[in-house]
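Here is how the chains run, residue by residue.
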Amino acid sequence: MTHSDSPHLLRILEERLLNCSRNPDEPTPAVLLADDFYEIGCSGRLYDRAETLKRLTTERRQETAIRDFQVRFLSPEVALIVYLLVCADEEDGKSATWRSSIWQCQHGRWQIHFHQGTPVAGPADEPATFLP
């Protein structure tokens, strides 16, 4: 796998976690989440791997769209992902959060080790580009 292939694959893997596909041909969240995975949620709460797996497989999913998806390789095997997640929200029309993840490729397989969501303070109308 080359760096040129990885950004596309990493986006697919992020989308699989967001949508929690039940397709048996796709990797399950349990395969994608590293043993030491943890998340800092939009609320500021910490979630470990077990809590995250439970939420991914039981919570109802909102309609979402990924914008401004960016990948920065910290090493050949480690990637920082940053993107804007826009959710359709019944109350105010739309809400958005900045999402960041750290993925590591070991033995040809990408796994996520860390994820954080941060609510957008104002309108997220302008595209963002900030990773070199």
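Higher on the page you've got the structure.
What comes next concerns the included structure. (Residues numbered from 1 in each chain as written. Predicted model: local features only at pLDDT ≥ 70, side-chain atom pairs only at ≥ 80, totals over all residues. Heavy atoms only, no water.)

The next subject is the overall build of the protein chain. The number of helices and strands found in the protein chain is three helices and six strands. Listed N to C, the secondary structure of the protein chain is α-α-β-β-α-β-β-β-β in terms of helices and strands. Each of the 132 residues in the protein chain was classed as buried or not, and the buried ones make up 38%. Summarising the internal contacts of the protein chain: among those between residues at least 6 apart in sequence, 50% fall at separations of at least 24. Approximately 8000 Å² of the protein chain is accessible, and the part contributed by carbon and sulfur atoms is 52%. (Helix = DSSP H or I, 4+ residues; strand = E, 2+ residues; numbered from the N terminus. Buried < 20%, exposed > 50% of the residue type's maximum accessible area, 1.4 Å probe, protein only. Contact = heavy atoms within 4.5 Å. Areas by Shrake-Rupley, 256 points an atom, 1.4 Å probe, with all protein chains shown as cover.)

We now examine helix 3 (residues 49–58). Counting along an α-helix, one turn takes 3.6 residues, and residues three or four places apart therefore face a common direction. Listing the buried residues of helix 3 in full gives T52, L53 and L56. Buried residues along helix 3 cover an arc of 100° about the axis, so they all sit on one side. Facing away from the buried surface of helix 3 by more than 90 degrees, the exposed residues are A50, K54 and T58. The inward-facing, buried residues of helix 3 abut helix 1 (6–19), helix 2 (29–32), strand 1 (33–40) and strand 2 (46–48). Two to three positions downstream of the cap, the backbone nitrogen of A50 sits 3.2 Å from a side-chain oxygen, assigning the N-cap of helix 3 to D48. (Arc of directions from axis to C-beta. Polar contact = N/O pair within 3.5 Å; in protein donor to acceptor, adjacent residues only side chain to side chain.)

Now for the pattern of salt bridges. Under the definition given, this model contains four salt bridges. Among the salt bridges present, the one from R11 reaches E15, with a minimum N-O distance of 3.1 Å. Separated by four residues within a single helix, R11 and E15 lie in helix 1, roughly one turn from each other. We classify E15 as partly exposed; its relative accessible area is 29%. (Salt bridge = Lys/Arg side-chain N within 4 Å of Asp/Glu carboxyl O.)

Not every positive phi belongs to a glycine, and D68 is a case in point at roughly 55°. Looking at the secondary structure, you find D68 in strand 3 (residues 64–75).

For the structure on display, the rule yields two aromatic pairs. Ring centres of Y38 and F114 lie 5.1 Å apart, and the angle between their planes is 65°; on these two criteria the pair is classed as edge-to-face. Of this pair, Y38 sits in strand 1 while F114 sits in strand 6 (residues 109–119); the two residues are 76 residues apart in sequence, bridging distant segments of the chain. Y38 gets classed as partly exposed once you look at its relative accessible area, which sits at 40%. The side chain of R55 reaches across the aromatic face of Y47, ending 3.9 Å from its centre. (Phe/Tyr/Trp six-rings, centres within 6.5 Å; stacked < 30°, edge-to-face > 60°. Lys NZ or Arg CZ within 6 Å of the ring centre and 35° of its normal.)

This part takes up the state of the cysteines. Applying the stated criterion across every chain, the model contains zero disulfides. C87 forms no disulfide, and the closest cysteine sulfur to it belongs to C42, at a distance of 8.1 Å. (Disulfide = S-S within 2.5 Å.)

Another aspect to go through is the side chain of S100. Along the polypeptide, S100 turns up in strand 5 (residues 93–106). The class of S100 is buried, set by a relative accessible area of 19%. Residue contacts for S100: discarding those within four places in its chain leaves I81, V82, F114, H115 and Q116.

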